[in-house]
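Chains, contacts and geometry: an overview
So the chains spell out like this:
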Amino acid sequence: MERIDEIDFLRGLAVILMVIFHIIFDLNYYLGIPVSYSRGFWYYEGKLSALMFIFLAGISVNFSKNYLLRGLKIFSLGILITLVTYAIDPDMYVKFGILHFMGVSYLLSFFFKKRNVPLLLMLSIASIIIGIVFDGIRVENNFLFPLGLISDDFASLDYYPVFPYFGVFLLGTAFFKTFYAKGKRLTAKHEKKNFFHLLGKNSLLIYLLHQPVILGLLFIYKFLIQFTQGGF
């Protein structure tokens, strides 16, 4: 099935928001610059990006003929990120980030793609409520952290558990059934694609590459500042 312009555009917008948030995160976490990413504007800016990706994935899974294979691929990339971040810092690495979540969601969609919209909406609301409840609970171990049940000492550089975020994914699937499955489009087809569409079409590749690029540029900047100040 042909690509949907507005989905690529919105995914491209989500990519830009993601990159901005990760720049803020890296400035704080790796360079010690006191700009907060855990609350306030930048926190919600980062969450908006993630929620957009998840919602759009809930739509896009219905266009994919090989969605189960794609789910395994995305989850495998999540495992790769876990291994890389663990090698860098065993105390703080990605345990169940957005790629883990996306991969699992694609696999779980096998059970939900053919459900009707009212049921999908009810399941979505239930998932979000479960996530809110789980967020207020602390357990003794972290065996169920992919579901959202964690202990007080749980830490992860990126964390998107099944609950509540699968609810957002299901909202995307319900949206697909309401609009795209009936041949509707939110915008007219544009023959001339812009920068946002390009980003949207390559969002997974950008996700995998943008952090090494950002960190490389930031550490080069730090080196140059120290060099010009006589730190070497």
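Residues numbered from 1 in each chain as written. Predicted model: local features only at pLDDT ≥ 70, side-chain atom pairs only at ≥ 80, totals over all residues. Heavy atoms only, no water.

Concerning the nonpolar core
Nonpolar side chains in soluble globular proteins tend to be buried together. Cut-off, in case you're wondering: In this description, a nonpolar core means a group of buried Ala, Val, Leu, Ile, Met, Phe, Trp, Tyr and Cys residues linked to one another through side-chain atoms lying within 4.5 Å. The buried label applies to any residue whose accessible area, calculated with a 1.4 Å probe on protein chains only, is under 20% of its type's maximum; exposed applies above 50%, and partly exposed to all values in between. To qualify as a helix, a DSSP run of H or I must reach at least 4 residues; to qualify as a strand, a run of E must reach at least 2; elements of each kind are numbered from the N terminus. Residue contacts follow a heavy-atom distance rule, with two residues in contact if any of their heavy atoms lie within 4.5 Å.
If you look at the biggest cluster of nonpolar residues, it comprises 34 residues, and the most contacted ones within it are Ile54, Ile98, Phe101, Met102 and Phe169. Of all the elements in the fold, those that place two or more residues in this core are helix H1 (5-29), helix H2 (40-60), helix H3 (67-88), helix H4 (98-108), helix H6 (162-178) and helix H8 (203-228). A per-element tally of this core places H6 first, with 7 residues. Aside from chain neighbours lying at most four places away, what touches isoleucine 54 is Ile98, Phe101, Met102, Tyr160, Tyr165, Val168 and Phe169.

Brief notes about the packing of helix H5 (residues 117-135) against H6
So the rule is basically this: Here an axis means a line fitted to C-alpha atoms, over the contact stretch when the element is a helix, while the angle between two N-to-C directions is reported on a 0 to 180 degree scale. Any angle that falls under 35 degrees is termed roughly parallel, while one over 145 is termed roughly antiparallel, one within 65 to 115 roughly perpendicular, and all others oblique. For any helix crossing, the convention is left-handed if the near helix is rotated counterclockwise from the far helix by under a right angle, and right-handed if that rotation is clockwise. Under the scheme applied, nonpolar residues are Ala, Val, Leu, Ile, Met, Phe, Trp, Tyr, Cys and Pro; charged residues are Asp, Glu, Lys and Arg; polar residues are all the others, including Gly.
In the contact formed by H5 and H6, the axes pass within 7 Å of each other and the chain directions differ by 165 degrees. If you check the angle between H5 and H6, you find them roughly antiparallel. Considering how the two elements wind past one another, H5 and H6 form a crossing that is left-handed. Judged by residue contacts, Val117, Leu120, Leu121, Leu123, Ser124, Ser127, Ile128, Ile130, Gly131 and Phe134 of H5 engage Val162, Phe163, Pro164, Phe166, Gly167, Val168, Leu170, Leu171, Thr173, Ala174, Lys177 and Thr178 from H6. Of the residues that constitute the contact of H5 with H6, the class distribution is 15 nonpolar, 6 polar and 1 charged.

Some points on the pattern of salt bridges
Using the following cut-off: Counted as salt bridges are all cases of a side-chain nitrogen of Lys or Arg within 4 Å of a carboxyl oxygen of Asp or Glu.
Scanning all chains against the criterion turns up 2 salt bridges. Aspartate 8 serves as the salt-bridge partner of arginine 11, at 3.7 Å between the closest nitrogen and oxygen. Here arginine 11 pairs with aspartate 8, and both are found in helix H1, just 3 residues apart, close to one helical turn. Across the pair, aspartate 8 and arginine 11 agree in class, each one buried. Between aspartate 152 and arginine 138 there is a salt bridge whose closest N-O contact spans 3.7 Å.

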